[in-house]
Amino acid sequence: MRLLQVSKLGNPVLRTPCAPVPPEEILRPEFQELIDDMTATMRENRGAGLAAPQVFVTRQVCVIEARAEDPEDGDPEIPFLVLINPEISAIGDEVVEDWEGCLSIDDLRGLVPRHQKIQVKALGRDGKKLSFKAAKFFARVVQHEVDHLNGVLFLDRMKDLKSLMHLQEFARHGRDYETRRRRAR
Ligand code: NI
């Protein structure tokens, strides 16, 4: 497995809608290798997901995984998943704002509204159909990655850029911002 270079904000590749992967290509060694390399790159950079344009490939494929740092403390955990040609639709109208970051947008966090519950259809790395429901953090990560495949970044989804924070300030001021905002409602 190779670690791949991650494309950064400003590179046009992040704004290019991705082409679907022809199903007959999925089992080819080159494509399987791309999935392995993307997985290694996501884990090395401690991302919860990585989409192909983030490694300069404009194909509809992303990898997702979130590990609980301390399972006792209820941190979110998402099992490793490969989504090829994913399609998502909202279940219900509940939309929730929470913090997001992106490996292509270093050291920034911002509040992003996302559907709380979604239906996901895709192909897996074995080329077989996947269909499942995702909620909360899991649904958020899927929506973030599927956005990448359409050339959309989390910044585009933010309702108010005032919540955009450098990581250094986020630790101190992120929760304060949310509290102030709730009071202001
Ligand atoms: Ni991202």
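As shown above, the structure is provided for reference.
Calculation notes
Residues numbered from 1 in each chain as written. Predicted model: local features only at pLDDT ≥ 70, side-chain atom pairs only at ≥ 80, totals over all residues. Heavy atoms only, no water. Helix = DSSP H or I, 4+ residues; strand = E, 2+ residues; numbered from the N terminus. Rg over C-alpha atoms; globule rule 2.2 N^0.38 Å. Buried < 20%, exposed > 50% of the residue type's maximum accessible area, 1.4 Å probe, protein only. Contact = heavy atoms within 4.5 Å. Areas by Shrake-Rupley, 256 points an atom, 1.4 Å probe, with all protein chains shown as cover. Lys, Arg positive; Asp, Glu negative; His and termini not counted. Charge placed at Lys NZ, Arg CZ, Asp CG, Glu CD. Donors = N, O, S within 2.8 Å, 3.2 Å for Na, K, Ca; no water. Pairing = 2+ DSSP bridges. Phe/Tyr/Trp six-rings, centres within 6.5 Å; stacked < 30°, edge-to-face > 60°.

**Brief notes about the overall build of the chain**
- Scanning the chain from terminus to terminus reveals 4 helices and 8 strands.
- Shown N-terminal to C-terminal, the secondary structure of the chain runs as helices and strands in the order α-β-β-β-β-β-β-β-α-α-β-α.
- For the chain, the C-alpha radius of gyration of 17 Å lies close to 16 Å, the compact-globule estimate for 185 residues.
- Residue burial in the chain is summarised as follows: out of 185 residues, 46% are buried.
- Pairs at least 24 residues apart make up 65% of the contacts formed inside the chain by residues separated by at least 6 positions.
- A total accessible area of about 10,400 Å² is found for the chain, and carbon and sulfur atoms account for 50% of it.
- Averaging the positions of the 28 positive and the 30 negative side-chain charges in the chain gives two centres separated by 5 Å.

**A word on the coordination of the nickel ion**
- Protein coordination of the nickel ion is provided by C102 (SG), H144 (NE2) and H148 (NE2), with donor distances spanning 2.1 to 2.3 Å.
- As a motif over one chain, the donors of the nickel ion read C-x41-H-x3-H. Of this pair, H144 and H148 both sit in helix 2 (residues 136–149), 4 residues apart, roughly one helical turn.
- Taking the relative accessible area as the measure of exposure, H144 reaches 9% and is therefore buried.

**Structural notes on the side chain of Q143**
- Turning to its location among the elements, Q143 is positioned in helix 2.
- For Q143, a relative accessible area of 6% corresponds to the buried category.
- Each residue touching Q143, except ones within four places of it in the same chain, is listed here: I88, R114, H115 and I118.

**What about the pairing of strand 5 (residues 105–115)?**
- Across 7 bridges, the pairing between strand 4 (residues 95–102) and strand 5 is antiparallel. Counted as the bridge partner of D98 is V112 from strand 5.
- Here strand 4 folds back onto strand 5 in antiparallel fashion, the turn holding 2 residues.
- The pairing of strand 5 with strand 8 (residues 165–166) spans 2 bridges and is antiparallel. Pairing of R109 across the sheet is with M165, part of strand 8.

**A closer look at the packing of aromatic side chains**
- The final tally for this structure, using the stated rule, is 3 aromatic pairs.
- Residues W99 and F170 carry aromatic rings whose centres are separated by 4.9 Å and whose planes lie at 70° to one another, so their mutual orientation is edge-to-face. One end of the pair, W99, is in strand 4; the other, F170, is in helix 4 (residues 167–184), and 71 residues separate them in sequence. The exposure classification of W99 matches that of F170, with both residues buried.
- When the centroid spacing of 6.2 Å and the interplanar angle of 70° are considered together, the rings of W99 and Y177 count as edge-to-face. Of the two residues, W99 sits in strand 4 while Y177 sits in helix 4, which places them 78 residues apart along the sequence.
- Since its relative accessible area comes to 11%, Y177 is described here as buried.

**Examining the pairing of strand 3 (residues 78–90)**
- Pairing of strand 2 (residues 61–66) with strand 3, which is carried by 5 bridges, proceeds in the antiparallel orientation. Directly across from V61, in strand 3, lies its bridge partner I84.
- Note that strand 3 and strand 6 (residues 117–123) share 5 bridges and pair antiparallel. Following the sheet pairing, A90 is matched in strand 6 by I118.

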